[in-house]
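Structural features, examined
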Amino acid sequence: MNLSRTARAVLWGALAAGLAVIYVPLAVVVLNSFNADRTFGWPPPGFTLDWWAAAWRSTGMREALWTSVQAASGATLIALLLGTMAAFAVQRYSFFGRDTVSLLIVLPIALPGIVTGIALSNTFHTVLGIPLGLFTVIVGHATFCVVTVYNNVLARLRRLGVSIEEASADLGADTFTTFRLVTFPMMRSALLAGGLLAFALSFDEIIVTTFTAGAGVRTLPIWIFENLFRPNQAPVVNVVAAALIVLSVIPIWLAQRITGEASRY
Amino acid sequence: MRRRLATFLHRHARVRLSLLLSAPLAWLGLAYLGALAALLVTAFWSTDTFTGNLIRTFTWANFEDLVTGEVYRTIALRSLGVAAAVTLIDLVVAFPMAFAMAKLASPRAQRWLVIAVLTPLWASYLVKAYAWRVLLSADGLLGWGYGLGATILTLSYLWLPYMILPIYAGLERLPNSLLDAAGDLGARGWRTFRTVVWPLAFPAVVAGSIFTFSLSLGDYITVKIVGGRSQLIGNVVYDNIGAANNLPFAAAVATVPVLIMLVYLAAVRRTGALENL
């Protein structure tokens, strides 16, 4: 391409600067988790591991972490089931309103989280009379997690085609056997990738959670948010944030290994 | 028994389809859409000022308050302004980055650059907003303090990858030969950009803007973390549910971002942006 040297240099510079802006704030959080100064004065007067030890001892944090794991696991299971069913229906059959199904599945993440949040909490609270708790959090999360599984399975089914399944049927396998021995093994990595994304999405969610969690239910994001404005909790919150940044590399790495391509949904 | 069920299912495609659709449609079509509809209905109810109970009779009062209230108009306009500013900043920052990724980097470097842009999406939303709280605090690295400017800055940071990725995908699809042809015909860099790159990348830009616009419009957490005392639409909804205990009014306010998004989606539909999501 015939770009001038200056233009090239400017574009590369913009890319480098942009990536720096993306990563510097995250690096500061990780660095601050070792900052000896309680209020994160800059530059740090010294480094310490005390905050990591304090964070590990914090029972509130550990309970919140456990709640988050439960909520994300429940939501992921439901999303796997519903997302796979919907993807099969849309990809393998043609029927009236097929496009609407896709739209319906995307809707919960396309609308602002606060709308989904109050719509669900209103329904639980005033229409159905279900007390808010872990169960309602899982239902809320599952609603917007379906799309991640749906998109992954749909893409896989589109690539697979039906000929292998037809071969299986021709060889005498019934519907269930074909699914167990042929279809499912071929979809496994798509399910894993979709499930991973669903788990991450649920684990990080705060807005829908705020409205669907009862008074006693505290997920990790809620715990972080509650402690964000308490000065003496700041170092512990910062450690949790740093740990989450470091841990976020794992799903990326896994997703890369599974799909060989990076995709958000 | 199993065998007969399998045969039955194999022969009746419609039954298979209904079974597959049953649970997803019950969940999203019935429960979720039902919840949204119930919320819309609630927007036309009111609350008893003394007891705080819902009064289930139809009234336009919430929407009248919303339209006539000076405060709400200011906040709605401010939210729109914030969403527009965030979208514009992200566009200006993301476009050169995406262009360098798609057209200058080698295929191997491209793969790593995409991962580099994607990775922060996995880091917790809250953690990233918090990172800016630390950076912007009076004795932090930047020390610029909190307010509406800090909110715009933080939101731009949060949604930047959502703008980079669609533009990158759009530019990657743009054949290099077109750029070469423009050059052969005598167009310099700027002119090639204006007459070839920009028109062809526009749907991708709009696709990115849908994310940045919608995500900024519904946000109330970032404002609380770095916004100082500023308020956006999301805060009004939140406060009316919590402190004010006025669900009908909150529901009415919540229709504002939904309406804005619907108008926005309808306006950009003809650019082909929705196929770029």
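For the structure, check the block above.
Residues numbered from 1 in each chain as written. Chains lettered and ligands numbered in written order. Predicted model: local features only at pLDDT ≥ 70, side-chain atom pairs only at ≥ 80, totals over all residues. Heavy atoms only, no water.

**What to know about the overall build of chain B**
The line we're drawing: Runs of E in the DSSP output that reach at least two residues are strands. Runs of H or I that reach at least four are helices, and both are numbered from the N terminus. Radius of gyration means the value over C-alpha atoms here, while the globule rule gives 2.2 Å times the residue count to the 0.38 power. Relative accessibility thresholds used throughout: buried, under 20% of the residue-type maximum; exposed, over 50%; partly exposed, between the two (1.4 Å probe, protein chains only). Two residues qualify as a contact provided that any one of their heavy atoms is within 4.5 Å of a heavy atom in the partner residue. Per-residue accessibility takes into account occlusion by the displayed protein chains alone, with areas from the Shrake-Rupley method and a 1.4 Å probe. Only four residue types enter the charge count: Lys and Arg as positive, Asp and Glu as negative, with His and the chain ends excluded. Here the site of a charge means atom NZ of a Lys, CZ of an Arg, CG of an Asp or CD of a Glu.
The number of helices and strands found in chain B is twelve helices and two strands. What you see in chain B, going N to C, is helices and strands ordered as α-α-β-β-α-α-α-α-α-α-α-α-α-α. Over its C-alpha trace chain B gives a radius of gyration of 24 Å, far above what one expects of a compact globule, namely 19 Å for 277 residues. Along the first, second and third principal axes, the C-alpha set of chain B runs to 75 × 70 × 35 Å. By residue count, 52% of the 277 residues in chain B fall in the buried class. Here the analysis covers contacts within chain B between residues at least 6 apart in sequence; of these, 68% occur between residues at least 24 apart. As displayed, chain B offers around 13300 Å² of accessible surface, 64% of which is attributable to carbon and sulfur atoms. Across chain B, 22 positive and 12 negative side-chain charges occur, with their mean positions spaced 16 Å apart.

**Observations regarding the interface of chain B and chain A**
Formally: When two components associate, each loses some accessible surface as probed by a 1.4 Å sphere; the sum of these losses over both components is called the buried area. By salt bridge we mean one thing: a side-chain nitrogen of Lys or Arg within 4 Å of a carboxyl oxygen of Asp or Glu. Each polar contact in these results corresponds to two N or O atoms within 3.5 Å; when the atoms are within protein, one needs to be able to donate a hydrogen and the other to accept it, and residues that are neighboring in sequence are counted only if both atoms are side-chain atoms. Residues are grouped as follows: Ala, Val, Leu, Ile, Met, Phe, Trp, Tyr, Cys and Pro are nonpolar; Asp, Glu, Lys and Arg are charged; all remaining types, including Gly, are polar.
Counting residues at the interface gives 87 residues for chain B and 86 residues for chain A. For the chain B and chain A pair, buried surface summed over both sides reaches about 7800 Å², with 77% attributable to carbon and sulfur atoms. Scanning the region where chain B abuts chain A turns up two salt bridges. For Asp174(A), the salt bridge identified is with Arg3(B), shortest N-O distance 4.0 Å. The interface formed by chain B and chain A contains 13 residue pairs in polar contact (both at pLDDT 80 or more). Per-element tally for the side of chain B that touches chain A: the top contributor is helix α2 (residues 13–42) of chain B, with 21 residues. A per-class count over the side of chain B that touches chain A returns 63 nonpolar, eleven polar and 13 charged.

**Let's talk about the packing of aromatic side chains**
Residues and elements named next belong to chain A. Under the convention used in this document: To pair, rings of Phe, Tyr and Trp, with the six-membered ring standing in for Trp, must have centres within 6.5 Å; the planes then decide the type, stacked if under 30 degrees apart, edge-to-face if over 60, and tilted in the middle.
Taken as a whole, this structure holds 24 aromatic pairs over all chains when the rule is applied. Ring centres of Phe-34 and Trp-52 lie 5.9 Å apart, and the angle between their planes is 25°; on these two criteria the pair is classed as stacked. Of the two residues, Phe-34 sits in the loop between α1 (5–32) and α2 (50–57) while Trp-52 sits in helix α2, which places them 18 residues apart along the sequence. Assessed through its relative accessible area of 27%, Phe-34 is described here as partly exposed. Between Phe-225 and Phe-229, the ring centres sit 5.7 Å apart and the planes meet at 80°, which makes this aromatic pair edge-to-face.

**Notes on helix α11 (residues 234–247) of chain A**
Residue and element names in this part refer to chain A. As a reminder of what qualifies: Helix span, as expected, comes to 1.5 Å for every residue beyond the first.
Taking 1.5 Å per residue as the helical rise, α11 with its 14 residues ought to reach 20 Å, and the 20 Å between its terminal C-alpha atoms agrees with that figure. Of all 14 residues making up α11, eleven are buried, and the element is well covered by its neighbours. Those residues of α11 not exposed but buried are Ala-234, Pro-235, Val-236, Val-237, Asn-238, Val-239, Val-240, Ala-241, Ala-242, Leu-244 and Ile-245.

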